[in-house]
Amino acid sequence: MLTDSQITVLGSGTSVGVPTIGCRCAVCRSDDPHDKRLRPSILVTFSEAGRERNVLIDTTPDLRQQALSAGITRLDAVLYTHAHADHIMGLDDLRPFNYGRSERIPIYGMPETLRSLRRVFPYAFEGEALHPGGVPRVAGHELNGAAVDLFGMLFEPIPIRHGPLTVMGYRFGRAAYLTDHSDIPEESLAKLQKLDVLFLDALRHEPHPMHTSVSQAIAWAERLQPKRAFLTHICHDLPHRETNESLPRHIRLAHDGLRIRVVGADS
C-alpha cells in the first residue's frame, strides 16, 4: 500500500539554537526568518483509514513553541534519535497531548535512550497523575533494530555514528531523517536507497568531531542520490540565502516551518 505523508520541519538548528545566546554575528542578528532555527525535530503526518496521524521525532526544549507554530493539536507517537538534551528535554511538554485521551502516548527509542528518559522524567512513566493533565503520560517501547509499524506506516531505525556514539535515524517510506551524525555505516547506507527526501546533518563548513560538514553532507547526498536532500542541525555559521546559493539545486538547507509532501510513501 502507498501512503502520502507530509514532513514538517519543527526545528533545523543546532543544540543551542540560532540566534545563539550572547552572539552578535551576522546570522544571529539576521532579519531573515529562515535564519531563526529552533532545536532539531520533525513531524510526520499521514492518514490511516481516513484518520490523520502525527508522529513526532524528538522532543526538543522548544517543543511548546514548535507545536504552537505548527498548529499541532494531537500526537499519536514519538520516536527518539538519542538522549542528548536538545532532543529530549521537551518531553514534559507532551502533557497537553494527554488531555482527553485515556491511553499513554507511545514513545520509541534505543534501550539506552529510554533509560535516560526514565531517569530524567520518571514521573512520566510511573503511576497516574494526581489530577488529569498533571504530568505527561508515556509508554516506552524499546527498538530492537526492526522497523516499527505505527498506524500503517513503517518506521525503520537507521544506525548512524555521532562521534563515538551510535544514534538512530529513521526511514519511513521514501523519506529518511538523519540528524546528529558524523558518519553513516555501510550497512545503513544500504537502507537509504531510492529516497525521494533525505535529511542530513550539516552543522557548518568546518569539520567537527560529532557532526557532518556541508561538503561531507553533499558527498553523502551525491552517493545516495535522493531526489531531494535537506540539511539540518545547522549552526550560526551558515546564512540561509547565501548557503543555498552555493548548493547543488537538489540540496537545500532546511528551515523551521518547511513542509514537504512525500507522495506515495511505502508503508
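Please refer to the structure higher up on the page.
Engineer: So what about helix H1 (residues 63-70)? Which residues, and what values?
Structural biologist: Within the span of H1, buried status applies to Leu63, Gln66, Ala67 and Ala70. Buried residues in H1, looked at end-on, bunch into an arc of 95°, giving them a common side. Seen from the buried face of H1, the exposed residues on the opposite side, beyond 90 degrees, are Arg64, Leu68 and Ser69. Residue Gly71 follows H1 closely and has a positive phi angle near 70°.

Engineer: Kindly report on the nonpolar core, identifying the contributing residues and their values.
Structural biologist: Within soluble globular proteins, side chains that are nonpolar tend to cluster in buried spots. Counting 28 residues, the largest nonpolar core has Ile7, Leu79, Phe155, Phe172 and Phe199 as the members making the most contacts within it. Leu79 has contacts with Val55, Leu56, Ile57, Asp58, Tyr108, Val148, Leu150, Phe155 and Tyr170, leaving out every residue within four places of it along the chain. In this structure, Ile158, Leu195, Leu231 and Leu247 belong to the second largest nonpolar core, which totals 25 residues.

Engineer: Tell me about the environment of His87, and name the residues and values.
Structural biologist: Considering the arrangement of structural elements, one finds His87 in helix H2 (residues 85-88). Judged by relative accessible area, which is 0%, His87 ranks as buried. Between the C-alpha atoms of His87 and Gln216, which are 129 residues apart in sequence, the distance is 23 Å. A polar side-chain atom of His87 sits 3.3 Å from a polar atom in the side chain of Asp86.

The rules we used
- Residues numbered from 1 in each chain as written.
- Predicted model: local features only at pLDDT ≥ 70, side-chain atom pairs only at ≥ 80, totals over all residues.
- Heavy atoms only, no water.
- Buried < 20%, exposed > 50% of the residue type's maximum accessible area, 1.4 Å probe, protein only.
- Helix = DSSP H or I, 4+ residues; strand = E, 2+ residues; numbered from the N terminus.
- Arc of directions from axis to C-beta.
- Core = buried A, V, L, I, M, F, W, Y, C linked by side-chain atoms within 4.5 Å.
- Contact = heavy atoms within 4.5 Å.
- Polar contact = N/O pair within 3.5 Å; in protein donor to acceptor, adjacent residues only side chain to side chain.

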